[in-house]
Amino acid sequence: MSKDLSIIIPVFNANKYLSKALKSVCKQINKKNRNSVEIILIDDYSKDDSKNICLNFKKRFNFIKFLRNKKNFGVSKTRNIGIKKSNGKYILFLDSDDLLEEISVKKLLYEIKKNHNQDYFFYKSRIVGDKKIDHNQIKLNSGKNFLDLIINKSKFRATCWNYLIKKNYLLNSKIFFKDARIFEDQFFVFQLLVNSNKFKIINKSIYKRRIQEPDTLSSLVGYQVNASCLNILKDFLRFIKKNNVSNKNLKEYLVSRINFLVNQFLINLIICNNSNLKN
């Protein structure tokens, strides 16, 4: 059955905050909108109580779809599974330790119905416990290209959960997450921004994020970080090789992403052992 909105939540060892994340969404889904929204929970072979939490919520709410990976695939492949299994016209990614703002589902459904020709929407966020809105370096005045709106490209955070994305746009443009354990958003978000100028800025906070903690989806260091950095760098370099990068803003953005990945690579290189270095 077709939906307007699919909320994809990858889960891995998330029992500390998972219930809070799910409650922040489920309490917003009611009789008026329950046929328009689905939650897709994908347990990436967790070793804690995450699976039971997911199953408990699935029993309580019929708009929840639950999947469990046969082994640990990582967040990239898990999100890709969610994209393919989703029935929503638009997709939102929620990390299992984060929250949605109150009435954000209502706001997003309104935007989907009013502006259904947009390929993606960018929205603001806040850190949990902080009232200050994080604009993520995006200015409000209009521009033909999303990259024109970024004030400081080096400080811009390429995070997939800042976007509400049309599923057909992802499928038609063949935009999926690359096989990386961390920083998987970097090239994914880049593809979103450069493949379409049909977007809208939602000048409201929709998402509440937590500062990274141990055992969360992105708590990796050392070799796995370096392997991911190299894989994503290769994607950016392939793009540069295939395309004429003459636009100033595009060039600046690419340099900012390459600098970010190289710096992360060097930081994590010092904690790699000899076997890691050889690999």
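Refer to the structure above for everything that follows.
Residues numbered from 1 in each chain as written. Predicted model: local features only at pLDDT ≥ 70, side-chain atom pairs only at ≥ 80, totals over all residues. Heavy atoms only, no water.

Student: Can you lay out the side chain of Asn80 for me, pointing to particular residues and giving the numbers?
Tutor: Within the secondary structure, Asn80 is located in helix 3 (residues 75–85). Every residue in contact with Asn80, bar those within four places of it in the chain, is listed here: Phe176 and Phe177. (Helix = DSSP H or I, 4+ residues; strand = E, 2+ residues; numbered from the N terminus. Contact = heavy atoms within 4.5 Å.)

Student: Describe the side chain of Arg209, with residues and values.
Tutor: For Arg209, the location among the structural elements is in strand 8 (residues 199–209). For Arg209, a relative accessible area of 16% corresponds to the buried category. When near neighbours in sequence (up to four residues on either side) are disregarded, Arg209 contacts Asp98, Ser125, Arg126, Ile127, Val128, Asp134, Arg157 and Trp161. (Buried < 20%, exposed > 50% of the residue type's maximum accessible area, 1.4 Å probe, protein only.)

Student: Would you mind going over the environment of Glu101 in detail, with residue names and values included?
Tutor: Looking at where Glu101 falls in the secondary structure, it is placed in the loop between strand 5 (99–100) and helix 4 (104–114). Here Glu101 falls in the buried class, since its relative accessible area comes to 10%. Between the alpha carbons of Glu101 and Lys200 there is a distance of 19 Å; along the sequence they are 99 residues apart. Sequence-distant contacts of Glu101, that is, excluding residues within four places in its chain, are made with Gln28, Arg126, Ser205, Ile206, Tyr207 and Lys208. Among the polar contacts made by the side chain of Glu101, one reaches the side chain of Arg126 at a distance of 2.6 Å. (Polar contact = N/O pair within 3.5 Å; in protein donor to acceptor, adjacent residues only side chain to side chain.)

Student: Can you lay out the environment of Phe63 for me, pointing to particular residues and giving the numbers?
Tutor: Tracing the chain through its elements places Phe63 in the loop between helix 2 (50–60) and strand 3 (64–68). Linking Phe63 and Ile40, residues 23 residues apart in sequence, is a C-alpha distance of 8.6 Å. In contact with Phe63, not counting residues within four places along its chain, are Cys26, Ile29, Arg34, Val37, Glu38 and Ile39.

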